[in-house]
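Observations on the three-dimensional arrangement
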Amino acid sequence: MTREYTCIMCPNGCLIETEYDPAPASEGAPVIRSVSGNLCPRGAEYVLQELTDPRRTIATSIPVTGGELPLASVRLTAPIPKDRIMDAMAEIRRYKVTAPVQAGTVVIHDIFGLGSDVIVTKTVEAIEPSGKTE
Amino acid sequence: MIERRSVDALIVGGGPAGLAAAVGLWNNGIHDILIVEREKHLGGILRQCIHDGFGLTQFGMTLSGPEYARKYIDDVVRMGIPFITNTTVLSVSPSRIVTVASPDGMIRYEAKAVILTMGCRERTRGALAIPGERPTGVFTAGVAQAYINLYNRMPAREVIILGSGDIGMIMARRLTLEGAHVQAVFEVMPYPAGLPRNVEQCLNDYNIPLYLSHTATKIHGSDRLTGVTISEVDADMKPIPGTEKDYSCDTLILSVGLIPENELSLEAGVKLDPHTRGAYVDEHYMTNIDGIFAAGNVLHVHDLVDYVSLEAERLAAYAASYIKNGSLPPCPLPVECGEHVGHVLPQRISGTSDIQVSLRVREPLQNCRIVVMQDGLEVFSRRMRKAIPAEMIQLNIPASKLSSQGGLTVMAVCENE
């Protein structure tokens, strides 16, 4: 079989054509016969990943209590299987943090055992003592 | 009585370009700097761009917007570069007098160099002139992004997106993750406006269809948006009668282009290029006004923040030399767009130094060469398997390839021509 992919590993967005033998119905991985059009080796890795176990990262935000901002942005530190994205969103939605919170703080360690942490990506200071938030 | 102060370099805007310019100036020995930022925090638009994908070029890793900004803000703080926030620049004069309104009152700065890094703003519905009612529920993509990512407000349930700019596609994904239903993205051009990777990871991943050569021809609703009419367009981008289709929705997101924010520049006498809608600059990123420089999205809209930072760092090296020496080498040679090229900069060069040329093609091209001609002779070329308007092309041309006589023309040459 042949299939075209737009690589998402970097902004080059290479259009990659691949020829492969699909995996047998039950088990095993597809066998890639050829990959062309990628400017770098990560393109070939991407195609193999897409054929066997497509993964993505997500970014969202969680509420902050007592912060100068209402939200702290968060992201996954490593991609997770595509079909778990909405589950991850639902899980992250259960969390909130209390200011001050530093960028890099782990909110959820190893979400669903998938080897990816949810970390804060924006430092949010505590509200000033005077109560001014602007 | 307006307070007067002097400064070597005044930077207008503390977004990615302003931050990189400040750090670059500091590293080039200029320490009397002031960054003026109108928001409460430094970081500019990166503060609301919480998705990842930033920093691959600059840091070799994929960061969110706030993390990318933080890297530069940390440098600014560590170096002790002065900045003021909550402060609006009211005017910049041709003699580099910068008037600001700060929480401490009005201040007038006399600057040896003014660095314009105000970024860009979004085209609005008004700029598109879509007929119909004026209900609430019509937002630019960046406004919807601010509501959701900064203010914790969810502005949409049933969504149509007009325009396939990168922010529109990123918001298609963001809205979907937040539980909205994004019905489709409609693009007036016959090709996507944003990067291919965003079509893939923001639309295809979430089964959001992208219809090319379509536009909105009517907006419905009195208080809140109730729907939009979408039409196909012909080769001249005119709606085709009889192709109208109505979509029910409560939200229309516009992602129909970004415009450099140059009101202050115009007042300073800076001339704008109608192609980029940013300043005409020479190879030192200096505008037609002596000592006023520009970089980043205020100069030309970039696709990647990494290239904004790199451009501002280049500017900083030249601006530092200008501040120390009071002048830069003259740049009398014009640079013009040739066949298939929509814009090019710098628009003037010396012909005696290495230059970096940035350009975009007008339409998608395959198997072409980007060719730089000087006085009828080919001085530089790069072969490209594909070139698309969504991707800025940058060429580094060494001085050894250039002559001090004759203007440049930058064009694309396709194999089948």
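Before going into details, it helps to say that this report is about the structure given with it. (Residues numbered from 1 in each chain as written. Chains lettered and ligands numbered in written order. Predicted model: local features only at pLDDT ≥ 70, side-chain atom pairs only at ≥ 80, totals over all residues. Heavy atoms only, no water.)

1. Let's talk about the overall build of chain B
For chain B, the count of helices and strands is nine helices and 27 strands. Over its C-alpha trace chain B gives a radius of gyration of 22 Å, about what one expects of a compact globule, namely 22 Å for 417 residues. In terms of principal-axis extent, the alpha carbons of chain B reach across some 65 × 60 × 40 Å. Expressed as a percentage of the 417 residues in chain B, the buried residues total 58%. Within chain B, residue pairs in contact and separated by at least 24 positions form 62% of the contacts whose partners lie at least 6 positions apart. Accessible surface, chain B: about 17,100 Å² in total, of which carbon and sulfur atoms supply 50%. Looking at charge distribution, chain B has the averaged site of its 37 positive side-chain charges lying 3 Å from that of its 46 negative ones. (Helix = DSSP H or I, 4+ residues; strand = E, 2+ residues; numbered from the N terminus. Rg over C-alpha atoms; globule rule 2.2 N^0.38 Å. Buried < 20%, exposed > 50% of the residue type's maximum accessible area, 1.4 Å probe, protein only. Contact = heavy atoms within 4.5 Å. Areas by Shrake-Rupley, 256 points an atom, 1.4 Å probe, with all protein chains shown as cover. Lys, Arg positive; Asp, Glu negative; His and termini not counted. Charge placed at Lys NZ, Arg CZ, Asp CG, Glu CD.)

2. Some words on the interface of chain B and chain A
The interface of chain B with chain A comprises 33 residues on the first partner and 35 residues on the second. Both faces combined, the contact of chain B with chain A buries some 2,800 Å², and carbon together with sulfur accounts for 50% of it. When residues of chain B are sorted by the area they lose upon contact with chain A, Lys 40, Leu 177 and Arg 197 of chain B head the list and together hold 19% of the total. At the surface where chain B touches chain A, the tally comes to four salt bridges. In this structure, the salt-bridge partner of Glu 67 of chain B is Arg 75 of chain A, at a minimum N-O distance of 2.6 Å. Connecting chain B to chain A are 13 residue pairs in polar contact (both at pLDDT 80 or more). Those elements that provide at least two residues to the side of chain B that touches chain A are strand S4 (63-64), helix H3 (65-79), helix H5 (141-149), helix H6 (166-177), helix H7 (196-203) and strand S25 (377-387) of chain B. Among the elements that make up the side of chain B that touches chain A, the one with the highest residue count is H7 of chain B (four residues). (Buried area = accessible area lost by both parts, 1.4 Å probe. Salt bridge = Lys/Arg side-chain N within 4 Å of Asp/Glu carboxyl O. Polar contact = N/O pair within 3.5 Å; in protein donor to acceptor, adjacent residues only side chain to side chain.)

3. Thoughts on unusual backbone geometry
A cis amide bond links Ala 99 of chain A with the next residue in sequence, Pro 100 of chain A, at an omega value of 0°. Examined against the element boundaries, Pro 100 of chain A turns out to sit in the loop between strand S8 (97-98) and strand S9 (106-108). Along the chain, Leu 345 of chain B connects to Pro 346 of chain B via a cis peptide bond; the corresponding omega equals 5°. With respect to the helices and strands, Pro 346 of chain B occurs in the loop between strand S21 (341-345) and strand S22 (348-349). For Arg 96 of chain B, which is not glycine, the phi dihedral falls at a positive 65°. Notably, Asn 207 of chain B is not glycine yet its phi reads approximately 55°, a positive angle. Considering the arrangement of structural elements, one finds Asn 207 of chain B in the loop between H7 and strand S13 (210-211). Judged by its relative accessible area of 69%, Asn 207 of chain B falls in the exposed class.

4. Concerning the pairing of strand S2 (residues 15-21) of chain A
If a strand is regular, its side chains alternate between the two faces of the sheet. All names here are of chain A. Where burial is concerned, the two faces of S2 differ: the one with Ile 16, Thr 18 and Tyr 20 is buried and the one with Leu 15, Glu 17, Glu 19 and Asp 21 is not. Two strands pair when backbone bridges link them, and strand S1 (residues 2-6) and S2 are joined in this way by five bridges, in the antiparallel orientation. Across the sheet, the residue bridging to Arg 3 is Thr 18, located in S2. Pairing of S2 with strand S3 (residues 31-36), which is carried by five bridges, proceeds in the antiparallel orientation. Bridge assignment links Glu 17 to a residue of S3, and that residue is Ser 36. (Pairing = 2+ DSSP bridges.)

5. A closer look at the sheet that holds strand S20 (residues 333-337) of chain B
All names here are of chain B. Strand order in the open sheet made by the five strands is S22-S20-S27-S24-S25, with mixed pairing throughout. Both edges of this open sheet fall to S22 and S25, since each of them pairs with a single strand only. Relative to strand S27 (residues 408-414), strand S24 (residues 365-374) runs antiparallel, the two sharing seven bridges. Bridging across to S27, Arg 369 finds its partner in Val 413.

6. Quick look at the pairing of strand S2 (residues 33-36) of chain B
Residue and element names in this part refer to chain B. On S2, burial covers both faces: Ile 33 and Ile 35 on one face and Leu 34 and Val 36 on the other are all buried. As for the winding sense of the linkage, the β-α-β connection from strand S1 (residues 3-12) through helix H1 (residues 16-27) to S2 is right-handed. In the sheet, S2 pairs with strand S5 (residues 83-84) via two bridges, with the strands oriented parallel. Bridge pairing links Ile 35 to Phe 83 in S5. (Right-handed = clockwise from strand over helix to strand, strands pointing away.)

7. Looking at the packing of aromatic side chains
Counted by the stated rule, this structure contains nine aromatic pairs over all chains. Residues Tyr 285 of chain B and Tyr 318 of chain B carry aromatic rings whose centres are separated by 6.4 Å and whose planes lie at 40° to one another, so their mutual orientation is tilted. Within this pair, whereas Tyr 285 of chain B is found in the loop between helix H8 (263-267) and strand S19 (292-294), its partner Tyr 318 of chain B is found in helix H9 (residues 305-325), the two being separated by 33 residues in sequence. Relative accessible area serves as the criterion here: at 2%, Tyr 285 of chain B is assigned to the buried category. Grouped by ring-pair contacts, the aromatic residues Phe 59, Tyr 68 and Tyr 72 of chain B constitute a single cluster. Positioned over the ring face of Phe 112 of chain A is Arg 84 of chain A, at 4.6 Å from the centre of the ring. (Phe/Tyr/Trp six-rings, centres within 6.5 Å; stacked < 30°, edge-to-face > 60°. Lys NZ or Arg CZ within 6 Å of the ring centre and 35° of its normal.)

8. Quick word on the pattern of salt bridges
Side-chain pairs of opposite charge can arise where the charged atoms are in close proximity. Across all of its chains, the model carries 20 salt bridges over all chains by this definition. The partner of Arg 33 of chain A in a salt bridge is Asp 21 of chain A, and the shortest N-O contact between them spans 2.3 Å. Residue Arg 33 of chain A is located in strand S3, and its partner Asp 21 of chain A is located in strand S2; the two are separated by 12 residues in the primary sequence. Taking the relative accessible area as the measure of exposure, Arg 33 of chain A reaches 55% and is therefore exposed. Classification of Asp 21 of chain A by relative accessible area gives partly exposed; the value is 28%. Between Lys 40 of chain B and Glu 68 of chain A there is a salt bridge whose closest N-O contact spans 3.8 Å. Highlighted residues: Lys 40 of chain B in the loop between S2 and strand S3 (52-54) and Glu 68 of chain A in the loop between strand S5 (59-65) and strand S6 (71-76), drawn from two different chains. Glu 68 of chain A gets classed as buried once you look at its relative accessible area, which sits at 17%. One continuous salt-bridge network, built from bridges that share partners, spans Glu 50, Arg 56 and Lys 82 of chain A together with Asp 205 of chain B.

9. Remarks on helix H2 (residues 85-92) of chain A
Side chains that are three or four residues apart share a direction in an α-helix, a result of its 3.6 residues per turn. Regarding H2 of chain A, the residues found buried are Ile 85, Ala 88, Met 89, Glu 91 and Ile 92 of chain A. Seen from one end, H2 of chain A has its buried residues packed into an arc of 165°, which puts them on one side. (Arc of directions from axis to C-beta.)

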